[in-house]
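Residues per chain, in single letters:
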Amino acid sequence: ALSTAELQALDSAHFLHPFTDHKGLAAKGARVITHADDIYVWDSEGKKILDAMSGLWCVNAGYGRKELADVAHAQMMKLPFYNSFFQTTNEPAVRLAARLAELAPAVDGRRFQHVFFSSSGSESNDTNVRMARRYWDLMGQPQRKVIISRHNAYHGSTMAGASLGGMSAMHAQGDLPIPNITHIQQPYYYELAEPGESQDAFGLRAARWLEDKILEIGPEKVAAFIAEPVQGAGGVIIPPATYWPEIQRIVDKYGILLISDEVICAFGRLGHWFAYEKFGYKPDLVTFAKAVTSGYIPLGGVLVGDRVAQVLIDKGGEFNHGYTYSGHPVACAVALANLDIMERENLPGRVRDDVGPYLAEVFEQFKSHPLVGDAETCGFVAGLVLVQDKATRKAFPEDWAVGMMCRAHCFGNGLVMRAVGDRMIIAPPLTMTRAQIDEMAVLIKKALDLTLQELQS
Ligand code: PLP
């Protein structure tokens, strides 16, 4: 076996990590994660860490699920791979497509009877762009090309994914966004509301930024609006209750497609199989990935609603798009077993009715901490915003990097909590118990206290 130092040296010599400053990493050495169980991971020094981020928002069923490994093994022995391009298919992919079609609730009679598979959220969003534009071509409106997204959204790292995303740091590299992708402001109440404006009034105003943008571009040129039900990587931005109904009214009025990017929010994270059900809107396309397999193996895809699927199938001929691993038998078999676990243990239901409300109660208490300007939860995502002045909502100077300071104290205490600027966020495995929520809360409180001490010293 290689020692930690040897692994770190090889890592820094050869492994280019995503979203990483390599000079900084080489100086410190990467933390080597060796194994995991339940909601914990261990590093090569033997340190036990409570993973309140579910890996990267994906290990919804928790670590250590032997049955997922057994299913993967059995499927690899039987049929490790076959393509789905040339009028061939395989049983796990067929079963998974049918299962997802059954799980995805119909809203007002609009159903999702078809699934397009990929291996990631990014590939799925590229699929969405191509599919939405193909749909409008087939509808005789090829000028409808523009996709509207939101600032601070994260939709992946491919050229289309990073363009759909609203992260300026990503746009600054690689000449993005690509043409015909544009952005509106996100519904971030804490930062963008006018003094005295209610959540409801702000939600309506924020949704109407979409209408303004559609009118600015010309409705006849707009293909689709894409959004995360709750913005995840942008800092767990939970929209006011009035937001989504108003968005639905606007997309209906102009006939544009609605794409719900549920790479984080689906599969129980917000207490439902799919998040559009929670907010009651009617997407035409739904992106999924991550938790469909609880991250045990890569898989993603798009749920394709009847409106788009019928046109693609009836008028479309060949859709010239697909991935080698679309409908990968091993990934699909693992997904089916993962969905069995979620169903058997009623993970969406326990988030909705039991541990989710408990997490909200616990987070509410952080509001009394001197550093915390606001605390929000939605199902099993939550965020704390750290501010310099609670009364005026004044943020800390950016170069103080207070979020990173707090994140380091979390790590020090054995907790993974993510910092997005000065928003501290979590998305724990859905199996987390009330006792484990209490255990996490103690670690968060300790990190907040240490951050405050460091700021005062
Ligand atoms: N969409 C959303 C909402 C995401 O959060 C992510 C990843 O975090 C993606 C898309 C990209 O998924 P992937 O990293 O699997 O390509």
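These numbers were taken from a predicted model, which means no experiment stands behind them.

Basis of the calculations
- Residues numbered from 1 in each chain as written.
- Predicted model: local features only at pLDDT ≥ 70, side-chain atom pairs only at ≥ 80, totals over all residues.
- Near = placed C-beta within 6 Å.
- Helix = DSSP H or I, 4+ residues; strand = E, 2+ residues; numbered from the N terminus.
- Nonpolar A, V, L, I, M, F, W, Y, C, P; charged D, E, K, R; others polar.
- Pairing = 2+ DSSP bridges.
- Axes fitted to C-alpha atoms, helices over the stretch in contact; angles between N-to-C directions.
- Expected span 1.5 Å × (residues − 1).
- Buried ≥ 20, exposed ≤ 12 C-beta atoms within 10 Å, placed from the backbone.
- Arc of directions from axis to C-beta.
- Contact = placed C-beta atoms within 7 Å.
- Domains from an automatic or database assignment.
- Core = buried A, V, L, I, M, F, W, Y, C linked by C-beta atoms within 7 Å.

Enquirer: Can you help me understand the site of the ligand in this one?
Expert: Residues in close proximity to the ligand total 15 residues, the closest being Ser 120, Gly 121, Ser 122, Gly 156 and Val 263. Considering each element in turn, the shell around the ligand owes the most residues, three residues, to helix H6 (residues 121–138). When its residues are assigned to classes, the shell around the ligand shows five nonpolar, eight polar and two charged.

Enquirer: Explain the sheet that holds strand S14 (residues 418–420) to me, please; I cannot follow it from the model alone.
Expert: One key point about sheets: their strands pair by backbone hydrogen bonds, in either a parallel or an antiparallel sense. The four strands are arranged S11-S12-S15-S14 in an open sheet whose pairing can be described as antiparallel. Each of the sheet's edge strands pairs with one partner strand only, and the pair in question is strand S11 (372–378) and S14. Along the sheet, successive strands turn relative to each other by an average axial angle of 20°, direction set aside. Where S11 meets strand S12 (residues 381–386), six bridges bridge the pair, whose relative direction is antiparallel. The residue bridging Asp 374 from the neighbouring strand is Val 385, located in S12.

Enquirer: How should I be thinking about helix H4 (residues 66–78) in this particular structure?
Expert: Residues that lie three or four places apart on an α-helix share one face, since the helix turns once every 3.6 residues. Spanning 13 residues, H4 covers 19 Å between terminal C-alpha atoms, matching the ideal 18 Å at 1.5 Å per step. Listed in full, the buried residues belonging to H4 are Leu 68, Val 71 and Gln 75. With its buried residues spanning 60° around the axis, H4 presents them on a single face. Opposite the packed face of H4, turned more than 90 degrees from it, sit the exposed residues Lys 66, Asp 70, His 73, Ala 74 and Met 77. Those residues of H4 hidden inside the fold are in contact with helix H5 (91–103) and helix H14 (329–344).

Enquirer: Any chance you could explain the environment of Asp 21 here in plain terms?
Expert: Its place among the elements puts Asp 21 in the loop between helix H1 (4–14) and helix H2 (22–28). Given 9 C-beta atoms within 10 Å, Asp 21 falls into the exposed group. Sequence spacing of Asp 21 and Gly 403 is 382 residues, and the spatial spacing of their C-alpha atoms is 17 Å.

Enquirer: Quick question: what am I supposed to make of the sheet that holds strand S3 (residues 48–51) here?
Expert: Reading across the sheet, the four strands line up as S1-S2-S3-S13 and stay open at both edges, with mixed pairing between neighbours. This sheet does not close on itself; its edge strands, each paired only once, are strand S1 (33–37) and strand S13 (415–416). Pairing between S3 and S13: two bridges, direction parallel. Pairing of Leu 50 across the sheet is with Leu 415, part of S13.

Enquirer: What exactly am I supposed to notice about the domain arrangement of the chain here?
Expert: Where interface size is given, it is often the accessible area lost as the parts come together that is meant. Split into domains, the chain comes out as domain 1 (31–61 + 348–456) and domain 2 (70–344). Elements that contribute at least two residues to the side of domain 1 that touches domain 2 include exactly helix H3 (54–57), helix H15 (347–353), S11, S12 and strand S15 (423–426). Top element by residues in the side of domain 1 that touches domain 2 is S12. It accounts for four residues. Counted by class, the side of domain 1 that touches domain 2 contains 15 nonpolar, six polar and five charged residues.

Enquirer: I'm lost on the nonpolar core in this one. Help?
Expert: Note that soluble globular proteins tend to have their nonpolar side chains buried in a common cluster. Ranked by internal contacts, the top residues of the largest apolar core, which has 128 residues, are Ile 147, Phe 225, Leu 303, Val 334 and Leu 415. With ten residues, H14 is the largest single contributor of residues to this core. Residue-level mapping places this core at the junction of two domains, with at least three residues from each of domain 1 (31–61 + 348–456) and domain 2 (70–344). Excluding residues that lie within four positions of it along the chain, Ile 147 makes contacts with Val 129, Ala 132, Leu 164, Asn 180, Ile 181, Ala 223, Ala 224 and Ile 226.

Enquirer: Please clarify how the pairing of strand S9 (residues 285–288) should be interpreted in this entry.
Expert: In summary, the side chains of a regular strand alternate between the two faces of the sheet. Across the two faces of S9 the burial is the same, with Leu 285 and Thr 287 and Val 286 and Phe 288 all buried. Relative to S9, strand S8 (residues 257–261) runs parallel, the two sharing three bridges. Opposite Ile 259, over in S9, you have Leu 285 as the bridge partner. Pairing of S9 with strand S10 (residues 300–305), which is carried by four bridges, proceeds in the antiparallel orientation. Along S10, the bridge assignment pairs Thr 287 with Val 302.

Enquirer: In this structure, what is going on with the environment of Ala 61? I would like to understand it.
Expert: Structurally, the position occupied by Ala 61 is in the loop between H3 and H4. It is 6.2 Å that separates the C-alpha atoms of Ala 61 and Thr 431, two residues lying 370 residues apart in sequence. Residue contacts for Ala 61: discarding those within four places in its chain leaves Ser 294, Asn 338, Ile 341, Met 342, Leu 347 and Thr 431.

Enquirer: For this particular structure, what's the right way to read the pairing of S3?
Expert: Bridging between strand S2 (residues 40–43) and S3 involves three bridges; their strand directions are antiparallel. If you follow Val 41 over to S3, its bridge partner there is Ile 49. Connecting S2 to the next strand, S3, in antiparallel fashion are four residues, including Gly 46 with a positive phi near 90°.

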